[in-house]
Structure formats: structure tokens, C-alpha cells
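Given next are the chains, with one letter for each unit.
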Amino acid sequence: MHTSRRHFIILAASVASTAVLHNESRAAAPELSESDPTAQTLGYKSDATQTDAAKYPKYQAGQACANCQLYQGKPGDAEGPCSVFSGKQVSAKGWCSAYVKKA
Ligand code: SF4
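Residues numbered from 1 in each chain as written. Predicted model: local features only at pLDDT ≥ 70, side-chain atom pairs only at ≥ 80, totals over all residues. Heavy atoms only, no water.

Trainee: I'm lost on the site of the ligand in this one. Help?
Mentor: Close to the ligand lie Y44, C65, C68, L70, Y71, C82, V84, F85, W95, C96, A98 and Y99, which account for all nearby residues. One can see that the ligand is located within the largest cavity. When its residues are assigned to classes, the shell around the ligand shows twelve nonpolar, no polar and no charged. (Near = heavy atom within 4 Å. 1 Å grid on protein atoms, 1.4 Å probe; cavity = no way out; pocket = protein on both sides within 12 Å on 5 of 7 lines; lining within 4 Å. Sits in = over half its atoms within 2 Å of the grid points. Nonpolar A, V, L, I, M, F, W, Y, C, P; charged D, E, K, R; others polar.)

Trainee: Quick question: what am I supposed to make of empty space enclosed by the protein here?
Mentor: Over the atoms rolls a probe the size of a water molecule, and in doing so it shows where empty space is left. Under the definition given, this model contains one cavity of 30 Å³ or more. The calculated volume of the largest cavity comes to roughly 70 Å³. Taken together, Y44, C65, C68, L70, C82, V84, F85, V90, W95, C96, A98 and Y99 form the lining of the largest cavity. Of the residues belonging to the lining of the largest cavity, the class tally is twelve nonpolar, no polar and no charged. (Points joined across faces, edges and corners; volume = space filled by probe spheres on them.)

Trainee: How should I be thinking about the packing of aromatic side chains in this particular structure?
Mentor: Remark: the centre distance and the inter-plane angle together describe each pair of aromatic rings, the angle taken between the planes. Overall, the coordinates contain three aromatic pairs when judged by the stated rule. Taken together, the ring pairs in this structure connect Y56, Y59 and W95 into an aromatic cluster. (Phe/Tyr/Trp six-rings, centres within 6.5 Å; stacked < 30°, edge-to-face > 60°.)

Trainee: Honestly, the environment of P57 in this entry has me stumped. Any pointers?
Mentor: Inspection of the secondary structure puts P57 in the loop between α2 (37-41) and β1 (79-81). For the pair P57 and S97, spaced 40 residues apart in sequence, the C-alpha to C-alpha distance is 9.5 Å. (Helix = DSSP H or I, 4+ residues; strand = E, 2+ residues; numbered from the N terminus.)

Trainee: Explain the nonpolar core here, please?
Mentor: Considering soluble globular proteins, one finds that nonpolar side chains tend to be buried as a cluster. L32, Y44, Y71, F85, V90 and W95 are the most contacted members of the largest nonpolar core, which totals 17 residues. When neighbours within four sequence positions are excluded, W95 is seen to be in contact with G43, Y44, K45, A48, T51, Y56, K58, Y59, Q63, A64 and C65. (Core = buried A, V, L, I, M, F, W, Y, C linked by side-chain atoms within 4.5 Å. Buried < 20%, exposed > 50% of the residue type's maximum accessible area, 1.4 Å probe, protein only. Contact = heavy atoms within 4.5 Å.)

Trainee: Quick question: what am I supposed to make of the pattern of salt bridges here?
Mentor: Any two side chains of opposite charge can pair, so long as their charged atoms come close to each other. This structure, assessed with the given rule, holds three salt bridges. For the salt bridge of K74 with D77, the shortest nitrogen-to-oxygen distance reads 3.7 Å. Classification of D77 as partly exposed rests on a relative accessible area of 32%. (Salt bridge = Lys/Arg side-chain N within 4 Å of Asp/Glu carboxyl O.)

Trainee: Explanation requested: the environment of C68 in the structure shown.
Mentor: Take C68: it is sitting in the loop between α2 and β1. By relative accessible area, which is 7% here, C68 ends up buried. The sequence separation of C68 and K101 amounts to 33 residues, and the corresponding C-alpha distance is 4.9 Å. Apart from residues lying up to four places away in sequence, C68 is in contact with Y99, V100 and K102.

Trainee: What exactly am I supposed to notice about the side chain of T51 here?
Mentor: Take T51: it is sitting in the loop between α2 and β1. Residue classification places T51 among the buried positions, given a relative accessible area of 9%. A distance of 2.7 Å separates a polar atom in the side chain of T51 from the backbone oxygen of A48. Not counting residues within four places of it along the chain, the set of residues in contact with T51 comprises K45, Y56, Y59 and W95. (Polar contact = N/O pair within 3.5 Å; in protein donor to acceptor, adjacent residues only side chain to side chain.)

If you want it as C-alpha cells, here you go:
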């Protein structure tokens, strides 16, 4: 009797923590800041037109997260997840030097 009650408590606790995890993954991730260390390393700008073209000569006008292979946002969304910056949202109009043109 005692053992099964303890088992129930453990089970209830694990179900509760699973529910919390689900809620967190559904909530919108925070927006990536340009001052984030990885963002700085990759020259991320939330507005692609602000990209330093002298520093990043591969940048071409028209390139933006929305048309990058690594962008996971839905078309039309202002921001979305990017596989380079997990747990953060990048601007659809942004750009970084990991840009890969969407096929
Ligand atoms: Fe934007 Fe692509 Fe850089 Fe991600 S990898 S921040 S989607 S340009």
C-alpha cells in the first residue's frame, strides 16, 4: 500500500513536469538580441539592410532570414526559429553570415 502510494506520487510529479515542459516549448521563444555573443560572432542584424557589407562581402541585398534555408518560421511571420540560434527567434528581415539561400 505504502509503495504504491509513493509510486503514484512519483508518477504524478513526472506527469506534472512533462506538462510544464510542453507549455514552455509552446510559448514563443525570446527574440535573438544583436548583442548575443553568437549573434555578434555571426554578424547577425535584425534588419538585414544594416549588415556591414564591407565586413560581410557575401551579403547581397535581398537576402534575409525569411529566404534562408536555416529559417524555420512560417511565411509571413515577423520572426521565427533558426537552427543556428536554438531557443531564440530571429527576425524574418534579419541576416547573419551563416545565411544559406533557400533552395
Ligand atoms: Fe537568419 Fe539564416 Fe542567419 Fe538564421 S542562419 S539568423 S535564418 S540568416
